[in-house]
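A closer look at the structure
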Amino acid sequence: MQKFVIKGGKPLRGSVRIGGAKNAAVAILPAVLLSDEPCVIENLPEISDVTSILKALTSIGAEVKMLSKSSVSIDPRPAKSFTVTKDITKGMRASSYMLGALLSRCNRARVSPPGGCDFGVRPIDQHIKGFEALGAKVIIDNGMVYARAPKLMGASIYLDVVSVGATINIMLAATKAAGLTVIENAAKEPHIVDLANFLNSMGANIMGAGTGVIKIRGVSHLHGSNYSIIPDQIEAGTYMVAAAATGGDVTIENVTPKHLESIVAKLIEIGADVEEFDESIRVSMKSRPKKCNVKTMPHPGFPTDMQPQIAVLLALADGTSIVTEGVWDNRFRYVEQLSLMGADIQVDGKSAIITGVNHLNGAPVKAVDLRAGAAMIIAGLAATGETTVEEIDHIDRGYENLAEKFKSLGAHIERVDDFSEYKVIKNA
Ligand code: EPU
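Note that this is a predicted model, so its numbers are computed, not measured. (Residues numbered from 1 in each chain as written. Predicted model: local features only at pLDDT ≥ 70, side-chain atom pairs only at ≥ 80, totals over all residues. Heavy atoms only, no water.)

Moving on: the pairing of strand 4 (residues 63–68). As defined by bridge partners, strand 4 adjoins strand 5 (residues 71–75) across five bridges and the pair is classed as antiparallel. Among the inter-strand pairings, Met66 is bridged to a residue of strand 5, identified as Val72. Between strand 4 and strand 5, which follow one another and run antiparallel, lie two residues. (Pairing = 2+ DSSP bridges. Helix = DSSP H or I, 4+ residues; strand = E, 2+ residues; numbered from the N terminus.)

The next thing to look at is the packing of helix 10 (residues 307–315) against helix 12 (residues 370–382). Between helix 10 and helix 12, the shortest axis-to-axis distance is 7 Å and the interhelical angle comes to 25°. In terms of their interaxial angle, helix 10 and helix 12 are classed as roughly parallel. For helix 10 against helix 12, the interelement crossing comes out right-handed. Along the contact surface, helix 10 presents Pro308, Gln309 and Val312, while helix 12 presents Arg371, Ala372, Ala374, Ala375, Ile378 and Ala379. Considering only residue class, the contact of helix 10 with helix 12 consists of seven nonpolar, one polar and one charged. (Axes fitted to C-alpha atoms, helices over the stretch in contact; angles between N-to-C directions. Parallel < 35°, antiparallel > 145°, perpendicular 65-115°, else oblique. Left-handed = near helix turned anticlockwise from the far one by under 90°. Contact = heavy atoms within 4.5 Å. Nonpolar A, V, L, I, M, F, W, Y, C, P; charged D, E, K, R; others polar.)

With that settled, the discussion passes to the site of the ligand. Lining the immediate environment of the ligand, one finds 24 residues, of which Gln126, Ser163, Val164, Asp305 and Val327 sit closest. A distance of 2.8 Å separates a nitrogen atom of the ligand from a polar side-chain atom of Asp125. One of the side-chain nitrogen or oxygen atoms of Trp328 is found 3.1 Å away from an oxygen atom of the ligand. Across the complex, the protein chains shield 90% of the 830 Å² of accessible surface that the ligand would expose by itself. (Near = heavy atom within 4 Å. Polar contact = N/O pair within 3.5 Å; in protein donor to acceptor, adjacent residues only side chain to side chain. Areas by Shrake-Rupley, 256 points an atom, 1.4 Å probe, with all protein chains shown as cover.)

This part covers the domain arrangement of the protein. For the protein, the assigned domains are domain 1 (3–19 + 231–416) and domain 2 (22–228). Here domain 1 and domain 2 have C-alpha centroids that lie 30 Å from each other. Both faces combined, the contact of domain 1 with domain 2 buries some 1,900 Å², and carbon together with sulfur accounts for 51% of it. For the pair domain 1 and domain 2, the number of links is one salt bridge. Residue Arg397 pairs with Asp49 through a salt bridge whose shortest N-O separation is 3.0 Å. Applying the counting criterion to the domain 1 and domain 2 interface returns six residue pairs in polar contact (both at pLDDT 80 or more). Tallied by class, the residues present in the side of domain 1 that touches domain 2 amount to five nonpolar, eight polar and ten charged. (Domains from an automatic or database assignment. Buried area = accessible area lost by both parts, 1.4 Å probe. Salt bridge = Lys/Arg side-chain N within 4 Å of Asp/Glu carboxyl O.)

Written out as structure tokens, the structure reads:
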């Protein structure tokens, strides 16, 4: 096990390059199974969730060849198995996409239920409703989800909740189904659009991705494609908030500013200066953050995956802010950790009342999930003294080269083995 050791209190300065989007990559990689030919996927983030999906593809027989750290060639033709077991899926939510992809490829799929971050109950009833509408029979038995359809047929599917995962899974299963599928109340996240663009680049006929109604006219064959994944909205947002929380000045490169609008709007309300360019964003903060209320919502609302990070900034603000979680039942488990650093936060149901303090104090804390872990890193960078962040395997699921990227901005952060004596960081 490893941990991060941070000596905080230093404003971040410089520029940092953002990698490919995790939540697009984990949908696009299984989508390769729909193709009749090999595909090359570029701008892959170097994160453990991508490694896990590649392992899942290898485990069913696909030929996976890394061409560089961020590009992979996948030949789906040798993939004969339709079963993905628990040792492959544990800890990762996106393994559920193997269900839609295998159902499309083999007309059946047997996949261990997905893991991922613990935000309370994480049902897949809307995924199942979609598969059933397309003609599949779905059974959950002996710890495995089993789906089978003699023939997938297009259908009209209204999602009872706006679900990223269900929208993606239904898109995967419907792309080669006979006839027209209409997904109503679909999720609109940038990764939904990226998946549709990838499938269309292979010859699919998908319209309306990015709106609440997605129409898919089934095609019988998909050809190979060479596709580059969009930049990661949440990784970008995390560095933007880190710049503001440390009173720094950082240019975040290789981003799509349109995907960052809700984050930019809140940072400006909080008092940051934000300059937008074609593919980069500069964030600087010269004064104490101002209080601000934030409510998370599906895209284009403020992303739930930025909720813990913005809460750290507000924990340092002048005044009291309310952060309301509008997507998950329980996404405040990190508050206990932040309180160990001196934050003043009361959680009341789906809201957190944050009374800003002058400074946070370094402390030993842990990453209770992926974005909570990113929030602890930001808190450690902004705090006075030393912070250690444990259980960082959560962070490794979604942030590539995190210590190196923050170091390039002047941060004092080291990844060290948990049980060895760690290096004392000098001059901090
Ligand atoms: N929901 C249902 N039934 C379903 C599916 C979802 O009731 O069948 C509910 C959930 O309980 C939740 C809401 O719908 O309250 C939204 O869930 P969604 O299905 O959109 O989430 P997800 O697909 O499981 C993805 C991201 C999460 C991100 C959410 C919301 C991936 C791999 N994961 O999860 O990302 O929080 O969408 O935007 O794309 C992260 O990257 O840190 C992360 C957790």
